[in-house]
Amino acid sequence: MAERWDMVVVGAGTAGLPAAVFAAERGLRVLVVEKSRRVGGTLLISGGQMSGAGTRHQQRHGVDDTPEEHFRDVMAFSEGRADPDLVRLATDNAAGTIDWLDELGFEFSPDCPAVRFNHRHHPYSKARMHWGTDAGDSIAEVIIPELESAVAGGAVEVMPGTSLVGLDHGAGAVHGVRIEGPDGLQEHGAGAVVLAAGGYTANPVLFEELSSGRLVSPGLPTATGDAHRIAAELGGRLRGGAHWLPVFGGIEDPEAPHRTVHKDYWAVLTPQIRPPWEVYVNRSGRRFVSEEEGDEVVRGRALRAQDGQVFWVVFDEAVLREAPDLLPAWGADGVRARAGRKPPVMAADTLEGLAAAAGIDPDGLAATVAGYNAAVSGAPDELGRRHLPLPIAEPPFYAVENHGTTLPTPAGVAVDGGLRVLTAEGRPIGGLYAAGEILGSAAFSGSGAAAGMNVTPAMTFGRLLGSGLGS
Ligand SMILES: Cc1cc2nc3c(=O)[nH]c(=O)nc-3n(C[C@H](O)[C@H](O)[C@H](O)COP(=O)(O)OP(=O)(O)OC[C@H]3O[C@@H](n4cnc5c(N)ncnc54)[C@H](O)[C@@H]3O)c2cc1C
């Protein structure tokens with residue numbers, strides 16, 4: 001065995017960075033193994049929105065809030081499906097995490113604290129959403145220097161481009177790690193191993209296996225779920241995958257299946273921001289949820305029930321000309337320039353031709369458009385929609401292919417209150433801990449989406465493990 005460490009942290013992201021920093025502060029020798037060439041993990045692409053109650057930042061703004069109220073809101077948003085013990089641990093300690101960032105010089109956006117960041121999430125009962133001036137980068141910018149100083153002080157070693165490939169296990173406990181990187185395969189001893197390797201937004205096979213859905217995601221390319229698999233091989237229990245609900249919309253990269261194009265190129269499908277001028281149809285050419293439905297959970301459920309979680313936003317030349325931009329980064333001319341016979345933007349002179357290009361049932365599409373046009377002329381709309389500005393009648397006709405997309409992944413390893421990984425029988429695996437998205441977003445949100453309940457719990461649990469929780 002090459003070397004023995006007090007703690008090995010697997011993944012230098014949202015959870016792993018604070019785990020390493022706080023463990024070093026406690027005098028531990030820490031090895032950080034990171035699959036990517038860069039540290040930062042999902043923080044480098046995340047919105048970085050954090051929820052926390054009782055923070056100094058709230059106090060500065062006169063917001064009187066408590067972890068108990070935060071806990072109650074999160075459990076209500078999750079319809080009681082989140083893990084109450086983990087939510088309690090997260091909400092009780094969230095303020096400590098946000099205050100820590102505050103001490104490090106985190107630059108809060110002037111718009112926070114607020115009850116919500118955007119319309120994707122239910123509003124909280126108190127203004128407890130916190131975010132920085134530069135999304136997740138604002139967090140990375142204050143934490144990464146802390147890691148660098150721990151490295152400079154000799155307490156921490158970081159191995160970038162190196163992956164956990166296995167765990168040394170015996171007598172019910174983990175004693176070390178097998179890692180693979182530029183220097184080949186190595187074994188290291190460990191007093192404790194913290195799995196902070198994130199989710200599986202880059203593993204469509206695992207996603208299908210755990211969540212019975214099609215993965216399309218903007219997530220980290222190194223979020224391959226290795227640690228989920230490795231924990232499961234030791235008997236660790238995976239749970240929560242069935243709670244998956246897709247985000248409503250997102251455009252798959254035609255060059256990279258399962259990945260989205262950059263979010264700036266997604267269509268604006270949020271009715272609170274842009275009332276709809278189009279219809280959304282499934283493979284049968286049928287509408288499956290009102291385009292005016294503003295509740296992300298309701299429309300996520302409707303989309304999950306569709307074959308392949310794919311749908312098409314259908315409109316015509318008059319809508320393209322008259323409506324506010326559906327795809328602001330492209331504008332109407334950009335849509336025309338991209339329109340063809342393959343995704344993401346299909347166009348044809350007839351609805352039948354459009355259906356053929358998109359792979360939609362032509363009779364279903366014709367019936368849907370006829371029904372919608374009748375509603376524009378005053379007949380009742382089949383889904384009760386009220387914003388019906390123009391019929392879909394002027395060729396060319398367009399269809400923009402959209403997908404149910406995934407940000408955090410729902411399934412994760414079960415842990416106890418000390419964040420020790422549990423077997424299917426509920427026994428803790430000695431020396432093996434987990435923090436962050438590897439616990440599964442469902443543990444904090446159920447099927448819903450509780451705002452800021454990935455980033456704050458990830459950092460909080462990393463901080464708590466680094467500070468000695470469970471040891
Ligand atoms: C676009 C986007 C926006 C989001 N916005 C928000 C938001 O605003 N608020 C919110 O609460 N949540 C948000 N989320 C979710 C949230 O950001 C993540 O759940 C959270 O950051 C994950 O933290 P983590 O530490 O578990 O994983 P990460 O930060 O992803 O870190 C895991 C690290 O482990 C590494 N790794 C993987 N496998 C191995 C291996 N075998 N060996 C070694 N290293 C490995 C990875 O390379 C990565 O660096 C968003 C997610 C996405 C994709």
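Residues numbered from 1 in each chain as written. Predicted model: local features only at pLDDT ≥ 70, side-chain atom pairs only at ≥ 80, totals over all residues. Heavy atoms only, no water.

1. Quick notes on the domain arrangement of the chain
Buried accessible area, meaning the area lost when the parts come together, often serves as the stated size of an interface. Going by this rule: What marks off one domain from the next here is an automatic or database domain assignment. What counts as buried area is the accessible surface, traced by a 1.4 Å probe, that two parts surrender upon association, with contributions from both included. A pairing counts as a salt bridge when a side-chain nitrogen of Lys or Arg comes within 4 Å of a carboxyl oxygen of Asp or Glu. In the analysis that follows, any N or O atom pair within 3.5 Å is treated as a polar contact, provided that within protein one partner can donate a hydrogen and the other can accept it, and provided that, for residues neighboring in sequence, both atoms belong to side chains.
What the domain assignment reports for the chain is domain 1 (3-239 + 408-466) and domain 2 (247-405). Just the C-alpha atoms count here: the centres of domain 1 and domain 2 sit 36 Å apart. A per-residue breakdown of the area domain 1 buries against domain 2 is headed by His119, Arg214 and Val216, which together make up 42% of the total. Between domain 1 and domain 2 we count two salt bridges in total. Close ionic contact of Arg301 with Glu79 constitutes a salt bridge, the shortest N to O distance being 2.9 Å. There are eight residue pairs in polar contact (both at pLDDT 80 or more) connecting domain 1 and domain 2.

2. Description of the pattern of salt bridges
Defined as follows: Where helices and strands are cited, they refer to DSSP runs of H or I of at least four residues and of E of at least two residues respectively, numbered from the N terminus. A 1.4 Å probe rolled over the protein chains alone gives each residue an accessible area, and that area as a share of the maximum for its type sets the label: buried under 20%, exposed over 50%, partly exposed in between.
Throughout the structure, instances matching the rule amount to 29 salt bridges. With its nearest N and O atoms 2.8 Å apart, the salt bridge here joins Asp381 to Arg287. A residue pair is termed long-range when its members are at least 10 positions apart, and Asp381 in the loop between helix H12 (362-376) and strand E16 (397-405) and Arg287 in the loop between strand E13 (279-281) and helix H8 (296-304) qualify at 94 residues. Assigned by exposure class, Asp381 and Arg287 land together as buried. In this structure, the salt-bridge partner of Arg336 is Glu317, at a minimum N-O distance of 2.8 Å. Of this pair, Arg336 sits in helix H10 (residues 331-338) while Glu317 sits in helix H9 (residues 317-322), and the two are 19 residues apart along the sequence. For Glu317, a relative accessible area of 11% corresponds to the buried category. If you follow the salt bridges from partner to partner, you end up with Arg287, Glu291, Asp381, Glu382 and Arg385 in one network.

3. Observations concerning the site of the ligand
Applicable threshold: Here a residue is considered near a molecule or strand provided that any single heavy atom belonging to it is located within 4 Å of it. A 1.4 Å probe and the Shrake-Rupley method give the accessible areas. Residues count as covered only by the protein chains that appear here.
Taken together, 33 residues surround the ligand, and among them Thr14, Glu34, Thr42, Thr222 and Glu437 come closest. A distance of 2.5 Å is found between an oxygen atom of the ligand and a side-chain nitrogen or oxygen belonging to Glu34. Relative to its unbound accessible area of 1,000 Å², the ligand is 95% covered by the protein chains. Every element with two or more residues in the shell around the ligand is listed here: strand E2 (30-34) and strand E6 (163-170).

4. Some thoughts on the packing of aromatic side chains
Just so we agree on the cut-off: Note on aromatic pairs: the rings of Phe, Tyr and Trp (six-membered ring only in Trp) are paired at centre separations within 6.5 Å, and the planes decide the class, stacked below 30 degrees, edge-to-face beyond 60, tilted for the rest.
As enumerated under the stated definition, the model contains 14 aromatic pairs in all. For the pair Phe248 and Phe288, a centre-to-centre distance of 6.2 Å together with 35° between the ring planes defines the contact as tilted. With Phe248 in strand E10 (residues 247-248) and Phe288 in the loop between E13 and H8, the pair connects residues that are 40 residues apart, well separated along the chain. Summarising the burial analysis for this pair, Phe248 and Phe288 share the class buried. Where Phe288 meets Phe311, the ring centres are 5.8 Å apart and the plane angle is 70°; that geometry is what we call edge-to-face. Note that Phe288 is positioned in the loop between E13 and H8 and Phe311 in strand E14 (residues 310-316), a separation of 23 residues in sequence.

5. As for the nonpolar core
For clarity, the cut-off: Nonpolar cores were defined as sets of buried Ala, Val, Leu, Ile, Met, Phe, Trp, Tyr and Cys residues, with membership established by side-chain atoms within 4.5 Å. The contact criterion used throughout is that any non-hydrogen atoms of two residues lie within 4.5 Å.
Core analysis: the biggest nonpolar cluster contains 86 residues, and Val193, Leu195 and Phe461 have the highest contact counts within it. Excluding residues that lie within four positions of it along the chain, Leu195 makes contacts with Val10, Leu164, Ala227, Ala231, Leu432, Tyr433, Ala434, Ala435 and Ile438.

6. Notes on the pairing of strand E15 (residues 345-348)
Put simply, side chains in a regular strand alternate between the two faces of the sheet. Stated formally: By this definition, two strands are paired if DSSP reports at least two bridges between them.
Burial along E15 is two-sided: the residues Val345 and Ala347 and Met346 and Ala348 are all buried. As judged from the four bridges shared by E15 and E16, these two strands associate in the antiparallel manner. Looking across to E16, one finds that Ala348 is bridged to Phe397.

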